[in-house]
Amino acid sequence: MPSMQPLQQQIEAVREDLRHHEHLYYVLDAPQIDDAEYDRRMNRLRALESAHPEFIVPDSPTQRVGGKPRDGFVKSPHSRPMLSLDNAYSEADLRAWDARLRESLPSTEVVRYTCELKLDGLSLALLYAPAPDGSARLRRGLTRGDGSIGEDVTSNVRTIHSVPLRVAAEMLAAAGLPQSFEVRGEVVMPHAAFHRLNREREAQGLAPAANPRNAAAGTLRTLEPNIVAQRRLDFYAYFLLHGESEPERGGESLLPTQSAALQALRTAGFRVNNHATTIGSIDEALAFIAAAEALRDSLGYEIDGVVLKIDSTAQQRRLGFTGRAPRWAIAYKFAARNAVTQIKDVVFQVGRTGKVTPVAALDPVVVGGTTVARATLHNADEIARLAVRIGDFVQVERGGDVIPKIVRVVEDAQHPRGTGAIDIPKECPECASLLVRAEGEVDWRCVNINCSARLREELLHFAARNAMNIEGLGDALVVQLLGQSPASVRAREQDSANGLDDAEQREGQSLSPAVGIATNAAVPRAALVRTLADLYSLTRADLLQLDRMGEKSAQSLLDEIEQSKNAGLPRVLFALGIRFVGERTAQVLATHFGSMDDLMVASTVQLEEVNEVGPRIAQAIVEFFHEPHNIELVQRLKDAGLNLTAEKKIASSTLTGLTFVLTGSLPTLTREAAKELIESAGGRVAATVSKKTSYVVAGEDAGSKLDRARSLNIPILDEPALHNLLAPPH
Ligand code: IVH
C-alpha cells in the first residue's frame, strides 16, 4: 500500500483483522475471539472512521451487516436485511442508550420496553405465504448469511418441531395475522440434545462440538434433513414482519407493539420464550436482567444476555436504524464466563464403558459464580490440539450447565508455559490392566469388565434419576457396596456443586476420578455388590454393616430398590448402559419390541427396522446380548422380579397403518428425508404401488408408479400435501 498514509494503513489493518474474525465466526463457525473482544475492535474501527470519514471504504466491516454466507445451500435474498444488535455491557451503557432514545423522542411520550432473553443460537427468517384454504404455509426458511443474502435451509427447518408448517385460517384470525407474514427468531440446541450429540460424537471418535450454538449452526447446515430431525433443534420466535407482498413496509413490525407481536406469535402456534416482560424504566430492566442471570443455569438452553426493545412500533419507526442495527433495540450481554487458571495436574478417569478420560485438576477459580476445580481434556487428540502441558495457564470457559472446558493455553509475561508432559497411561489407573485403543478410535479403554472403576460408574448410572431412580444410592454408598475405598467422594461433591452430576451428563463425561486425589482411605471391606443384579439381593443386615447407615436409611434404601422393580422396560434398557442406547433409543426399542425377551433375540436386521435405529446401534445391541455375563445379568434381574415388558406402540401415530410409495423428485425433500419423515410419524414406505397403497407421493418426472396409482384410484400427494398430512395439529 505505497500510496497510503500511515493512518490510512492503520485503519485498513484494523479492517483486515475484523474481516478475518468475521470469516472465522460467520463462515467457519470457529471464532477465535469472544463477542466482547470483537465489539471492542469494531468500536475502535468505528471511532477511527468517524474521526477520519475520508478513509471510509464501501467494503469496510462497518459498512455492511455481516459476513459471507458459505457455499452448499442455495442463496436467497432476505426480504429486508437481517440486522444485528448493538451491545451494552454495563448499567451505564444501558442508561446512556435510554437517555439517547428519550432525547430523540418527544418528551411527552411514554417509552416502554420489552425485555426478552438473548438466546444464544443462530437467527432464522421464516416466510409464510397464503394457501388456497385460507391458511398460511411455511414457504421458506433462510439463515442470516451476510444479513442481505441467506441460505435456504427450508428442508432442514421443516424438521424442527417448534416451527409450524402451516398456520390454519382460524389461528390466523385469532392471532390477527394476515396469510402472508415473516417470522424471525432463534434456532437453539437445548443442553440435553447438545450433550447427547457430543456423547455420540465422542463414541464415534469425533471431536466434540465446542458449544450448543456451533452445534446448532452445524446441524442447520447439514445437507441431510433426517440428521437435523434427530438432533432436536428448537426455534423461538421473537420478531414478526409483514410478508413479502408488502416490502415497502421496511423492517417494520406487523403489529402496533412488540409485546402484541409476541402474543400473536404465541397464539399462531409459534414457540415464544416465556421469559419476557414489558417495562417502563431501566431500573425495571436491570431487575429483569438480574433475574435472567439467576435463571441462566436452569433454563436448559444457552442465553448470553437480555434484549431490550422499544415496545411501540410507531416509536421504532421514528428511531429507525443505523447501518447495522436498529436504534430501538439493544443487547445487554452478560459478563463472559471465563477465567484464567493453572493446570496443577492431569488425572485419568475410567468411565462406565472403560473409556479413559484425561481430566485437568485446576487451581480452583471462580467462573460466573461457580468454583471450577477440574475440566475435561477429552482425549489425546484434544491434548495435542491445545498443545497443553501440566503447569500451563489456561483459559477456562463455562456456559449454562455446559461442563467447564479449556479453551486455550495462555502465554505471556505473567503466565509462563508449563513443562509437564501429559502422557496417556499404558495401564488402567484403577485395575492396572493394559489399556487398549481400537483401530480408528481416539479413546483408550480399560477392557477388563470387572474393573472396579467401570463397576462403580455402571452402578451409579443404573441408579441414576433418569434410569432406575434409586434414591439414596449415591457415590459414597456405591463405593462402600463395592468394597472400595471412599477416595472419589470428595471429588464428586465438588462436581455436584458445579452441576456436573446430572445423570444425563454422566455417561462418559462426569469428572470424578478416583485417582490423583489424596484420601484418608478407610479399610476396604468385602464387596456386597459385584454385579448390578446383586443390588436386588441386598438385605437389611448387609446394609447395617456400612458406615453411616442407620435402621431408617437402610429401610428406605431397600424400599427404593424394591420400587425400582416397576421402573419398566425403557428405564431398565437405558440403565443397562448398552453402548449408544440413550434414553430415547431405549424408549423406542421398548415400545417396538414390547419385551426384553424379544429384544434380546432380535437380529441386526430386525433392529434396524426400528425407526431411529441404525447399523451402529443395532450392532452394539446384538453384541451386548451375545455376552454371557449380560444374558445372565438379565436373567437375574428377571428372577428378582423386575418388570421387563412395555406396551407395544409406534412412537408417533399420525400415519400409523398407512403405506406410502414415493416417486419422482420432490422439490425440497430427498427421498431418504421423505421416507424418514413418514416413518417417524408411524407410516410405512413401500417400493411398489398396489391396492394396499394408501398414498403415492409424486414429484417431478414421476413415472409408471404414478400411472399405476391413477389406474388404481390411489390418492396422489405432492410435497406440500405430504407436509400437511404430517403437520402436527396446531
Ligand atoms: S431481535 C432487529 N431478539 O442476537 C431485531 N435478537 O446480537 C434483531 N438474538 O441477530 C433481533 N435473542 O440472532 C432479537 N430475543 C431476541 C434475541 C435476538 C437472540 C440474537 C439474534 C441477533 C443477535 C444480535
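Residues numbered from 1 in each chain as written. Predicted model: local features only at pLDDT ≥ 70, side-chain atom pairs only at ≥ 80, totals over all residues. Heavy atoms only, no water.

(A) The arrangement of the side chain of Gln-316 in detail. Inspection of the secondary structure puts Gln-316 in helix 11 (residues 313-319). At a separation of 2.7 Å, a polar atom in the side chain of Gln-316 contacts the main-chain carbonyl oxygen of Ile-310. When near neighbours in sequence (up to four residues on either side) are disregarded, Gln-316 contacts Ser-253, Gln-258, Ile-310, Asp-311 and Trp-328. (Helix = DSSP H or I, 4+ residues; strand = E, 2+ residues; numbered from the N terminus. Polar contact = N/O pair within 3.5 Å; in protein donor to acceptor, adjacent residues only side chain to side chain. Contact = heavy atoms within 4.5 Å.)

(B) Seen up close, the pattern of salt bridges. Counted under the stated rule, the structure contains 32 salt bridges. Taking the shortest distance from any N to any O, the salt bridge between Asp-443 and Lys-355 comes out at 4.0 Å. Here the residue Asp-443 occupies a position in the loop between strand 18 (435-436) and strand 19 (445-446), and Lys-355 occupies one in the loop between strand 13 (338-350) and strand 14 (356-367), the gap between them amounting to 88 residues. Taking relative accessible area as the criterion, Lys-355 reaches 7% and is therefore assigned buried. The partner of Arg-636 in a salt bridge is Asp-534, with the nearest N and O atoms 2.8 Å apart. Here Arg-636, found in helix 24 (residues 628-639), pairs with Asp-534, found in the loop between helix 16 (503-509) and helix 17 (540-544); they are 102 residues apart in sequence, far enough to count as distant. The partly exposed category is assigned to Arg-636, whose relative accessible area is 30%. When salt bridges with common partners are traced through the structure, they connect Asp-17, Glu-37, Arg-40 and Arg-41 into a single cluster. (Salt bridge = Lys/Arg side-chain N within 4 Å of Asp/Glu carboxyl O. Buried < 20%, exposed > 50% of the residue type's maximum accessible area, 1.4 Å probe, protein only.)

(C) Broad picture of the site of the ligand. Around the ligand, the surrounding shell holds 14 residues, and the nearest of these are Glu-116, Lys-118, Glu-186, Tyr-238 and Lys-309. Taking Lys-118, its side chain carries an N or O atom lying 3.0 Å from an oxygen atom of the ligand. A distance of 3.0 Å separates a nitrogen atom of the ligand from a polar atom in the backbone of Leu-119. In isolation the ligand offers 530 Å² of accessible surface; the protein chains occlude 90% of this area. Tallied by class, residues from the shell around the ligand come to eight nonpolar, one polar and five charged. (Near = heavy atom within 4 Å. Areas by Shrake-Rupley, 256 points an atom, 1.4 Å probe, with all protein chains shown as cover. Nonpolar A, V, L, I, M, F, W, Y, C, P; charged D, E, K, R; others polar.)

(D) Expanded view of the pairing of strand 16 (residues 393-399). Of all seven residues in strand 16, six are buried, a share of seventy percent or more. As defined by bridge partners, strand 13 adjoins strand 16 across five bridges and the pair is classed as antiparallel. If you follow Val-340 over to strand 16, its bridge partner there is Gln-395. (Pairing = 2+ DSSP bridges.)

(E) Quick peek at the nonpolar core. Ranked by internal contacts, the top residues of the largest apolar core, which has 59 residues, are Ile-470, Leu-535 and Leu-607. Elements with a minimum of two residues in this core: helix 13 (452-463), helix 14 (475-481), helix 18 (551-564), helix 19 (569-575), helix 20 (583-593), helix 21 (596-600), helix 23 (615-624) and helix 24. Core analysis: the second largest hydrophobic core is formed by 45 residues, Val-157, Ala-168, Ala-209 and Leu-220 among them. (Core = buried A, V, L, I, M, F, W, Y, C linked by side-chain atoms within 4.5 Å.)

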